[in-house]
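This is what each chain is made of:
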Amino acid sequence: MILVSNLKRAMGVVLTAAAVTATAACGSSDNGAASTTTAAPMTTTMAATSSAGDAMGSGSGVTTAADVFGPNCKDLPQGSAAGGLTAMGPQPVATAASTNPLLTKLVAAVSAIPGLADTLNTTDNLTVFAPADAAFAALGDAKFKELAGNPSALAPILQYHVVPKRYDRDGLIAAGKVQSLNSAGGDIAIQGSGDNLTIGGAKVLCGNIPTKNATVFVIDTVLTPKA
């Protein structure tokens, strides 16, 4: 529970610092003001939801390789090969994602915010909704490069894909909706059952993926928080 609170505080520091860096690098005072405006509510939101996140962190929702489901699980390397379920299980989530062939663009997005991967790796009891490469490709290369170069715009989107409690598929279905680190972005609705599960309207391509500190659901869409 303490680590969940620490994640929110640490992400607030990391993301605010990234936004300040982006502002300083920007040549236009108007654009800099926009970046600063975006960053401030993120820190406030994380502080406001800290107590709720502490209360939720239970350590449940832990899965194994035998629990995975979804049509794209077959696309993962098999056995103990890098990026395979056996290899990812003992690894912290950001490290595991960096070996997953479905998540190269998400890894690049996380890497665009200094310190974020380390923060995710050192926090227990998370659920990560991880957009597959095709989900980012649907945004277009220009949009992806724009976001990667603007941490203050990218940060709240990435926050919206991280839940400060560990859920497996059954736990998500029972919850019906979950709140991410970006609580201002609105609840994320969970619909469907069995292998036909949607998260915020996104289809699960491979779910219940085990990592050391998080359960991962690869999804086919980049979730969009409310403005």
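Heads up: these notes are all about the structure in this document.

### Some points on the sheet that holds strand β7 (residues 214-219)
Piece 1. With mixed pairing, 7 strands are arranged side by side in an open sheet as β2-β1-β7-β6-β5-β4-β3. The sheet terminates laterally at β2 (162-163) and β3 (177-178), the two strands that pair on one side only.
Piece 2. Bridge count for strand β6 (residues 202-210) against β7 is 4 bridges, and the pairing is antiparallel. The residue bridging I209 from the neighbouring strand is V216, located in β7.

### Structural notes on unusual backbone geometry
Piece 1. Phi angles above zero are rare outside glycine, and N125 is one such case at about 60°.
Piece 2. Residue position: N125 is located in the loop between α7 (116-121) and β1 (126-131).
Piece 3. Assessed through its relative accessible area of 16%, N125 is described here as buried.
Piece 4. Of note, N208 is a non-glycine position whose phi angle comes to about 65°, a positive value.
Piece 5. Structurally, the position occupied by N208 is in strand β6.
Piece 6. When its relative accessible area of 5% is taken as the criterion, N208 is described as buried.

### Structural notes on the environment of A112
Piece 1. By the element assignment, A112 lies in the loop between α6 (104-111) and α7.
Piece 2. Measuring from C-alpha to C-alpha, the distance between A112 and L147 comes to 9.1 Å, with 35 residues separating the pair along the chain.
Piece 3. Setting aside chain neighbours within four positions, we find A112 in contact with A148, P151 and L154.

Rules behind the numbers
- Residues numbered from 1 in each chain as written.
- Predicted model: local features only at pLDDT ≥ 70, side-chain atom pairs only at ≥ 80, totals over all residues.
- Heavy atoms only, no water.
- Pairing = 2+ DSSP bridges.
- Helix = DSSP H or I, 4+ residues; strand = E, 2+ residues; numbered from the N terminus.
- Buried < 20%, exposed > 50% of the residue type's maximum accessible area, 1.4 Å probe, protein only.
- Contact = heavy atoms within 4.5 Å.

Function cannot be inferred from these measures alone, as they are strictly geometric.
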